[in-house]
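Results of the structural survey
Letter by letter, the chains look like this.
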Amino acid sequence: TQLLEQSPQFLSIQEGENLTVYCNSSSVFSSLQWYRQEPGEGPVLLVTVVTGGEVKKLKRLTFQFGDARKDSSLHITAAQPGDTGLYLCAGAHGSSNTGKLIFGQGTTLQVKP
Amino acid sequence: GAVVSQHPSRVICKSGTSVKIECRSLDFQATTMFWYRQFPKQSLMLMATSNEGSKATYEQGVEKDKFLINHASLTLSTLTVTSAHPEDSSFYICSARDRSGQGSYEQFFGPGTRLTVL
């Protein structure tokens, strides 16, 4: 069974704090995507990482793909209330031609003003 | 670019009726579309993979006769929930994979459809 373990599942922090969300698997992924979803809306793609060890930055968000391409992390610096939402990681296997993604369980982030 | 629309955004129906949800890629062609179901504060659960011009591939445990999928063109896939029951109430989300993105696994999601079966 292909699993993508995402942690923590729930996180409530104060504005200005830093946080890290992790996605781990025993499987190797050809690429990994991070999405953010707000209630009642569809997920919005934040970033795609494809190279082991890759680091991408999107303003206050830093994404890292593990060297072995089995894990990834999302770090948010100085979180703001607007960062509140459900964060999802999703991995793709290169051996699959269907384009199916394996989703993590999601991390519900609440940033209090 | 990469915009996916869904219609309707909300639907309320009586038990036993059928409901059709449309998913459209507005500015790109999608050979593959995916249908997900999501429960409150949970992740997405893949229901089926919809390929243009061929039969959909359903995930284990998803009834293909209950959730009919048609992918008639490169920009449109439909999901029909047949004989809906209250337990079918959920948030249904579609996504599309850009045809030009060979080797790319990025999926672009629609805004979702909230189905409530009374």
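1. Re the overall build of chain A
Looking only at helices and strands, chain A features zero helices and eleven strands. In summary, chain A has a C-alpha radius of gyration of 14 Å against a globular reference of 13 Å for 113 residues, a match within 12%. Seen through its principal axes, chain A has C-alpha atoms that stretch 45 × 30 × 20 Å. Across the 113 residues of chain A, 44% fall into the buried class. As presented, chain A carries roughly 5,300 Å² of accessible surface, and 49% of it is formed by carbon and sulfur atoms.

2. Topic: the environment of B:Phe108
In this structure, B:Phe108 sits in strand E10 (residues 108–109). Between the C-alpha atoms of B:Phe108 and B:Ser43, which are 65 residues apart in sequence, the distance is 16 Å. Setting aside residues up to four positions removed in sequence, B:Phe108 forms contacts with A:Leu45, B:Ala2, B:Val4, B:Phe28, B:Cys94, B:Ser95 and B:Ala96.

3. Some remarks on the sheet that holds strand E7 (residues 61–65) of chain A
Residue and element names in this part refer to chain A. Taken in spatial order, the five strands line up as E1-E3-E8-E7-E6 in an open sheet, and their pairing is antiparallel. The two strands at the open ends of the sheet, each matched to only one other strand, are strand E1 (5–7) and strand E6 (55–58). On average, each strand axis in the sheet is inclined to that of its neighbour by 15°, with strand direction left out of account. Pairing between E7 and strand E8 (residues 71–76): five bridges, direction antiparallel. Each residue of the ladder has a partner; that of Gln-64, found in E8, is Ser-73.

4. A closer look at the environment of A:Cys89
Residue and element names in this part refer to chain A. Looking at the element boundaries, Cys-89 is found in strand E9 (residues 85–92). With 14 residues separating them along the chain, Cys-89 and Phe-103 place their C-alpha atoms 5.9 Å apart. Discounting chain neighbours no more than four positions away, the residues touching Cys-89 are Leu-4, Gln-6, Cys-23, Leu-32, Gln-33, Trp-34, Ile-102, Phe-103 and Gly-104.

5. Thoughts on the state of the cysteines
Applying the stated criterion across every chain, the model contains two disulfides over all chains. Across a sulfur-sulfur distance of 1.6 Å, A:Cys23 and A:Cys89 are joined as a disulfide pair. In this structure, the disulfide formed by A:Cys23 and A:Cys89 twists by about -85° around the S-S bond and is classed as left-handed. Of the two residues, A:Cys23 is situated in strand E3 (residues 19–24) and A:Cys89 in strand E9; the sequence distance between them amounts to 66 residues. Per residue, the accessibility class of A:Cys23 equals that of A:Cys89, and both read buried. The side chain of B:Cys23 participates in a disulfide bridge whose partner is B:Cys94; the two sulfur atoms lie 2.0 Å from each other. Between B:Cys23 and B:Cys94 the sulfur-sulfur dihedral comes to about 80°; the bridge is accordingly right-handed.

Conventions adopted
Residues numbered from 1 in each chain as written. Chains lettered and ligands numbered in written order. Predicted model: local features only at pLDDT ≥ 70, side-chain atom pairs only at ≥ 80, totals over all residues. Heavy atoms only, no water. Helix = DSSP H or I, 4+ residues; strand = E, 2+ residues; numbered from the N terminus. Rg over C-alpha atoms; globule rule 2.2 N^0.38 Å. Buried < 20%, exposed > 50% of the residue type's maximum accessible area, 1.4 Å probe, protein only. Areas by Shrake-Rupley, 256 points an atom, 1.4 Å probe, with all protein chains shown as cover. Contact = heavy atoms within 4.5 Å. Pairing = 2+ DSSP bridges. Axes fitted to C-alpha atoms, helices over the stretch in contact; angles between N-to-C directions. Disulfide = S-S within 2.5 Å.

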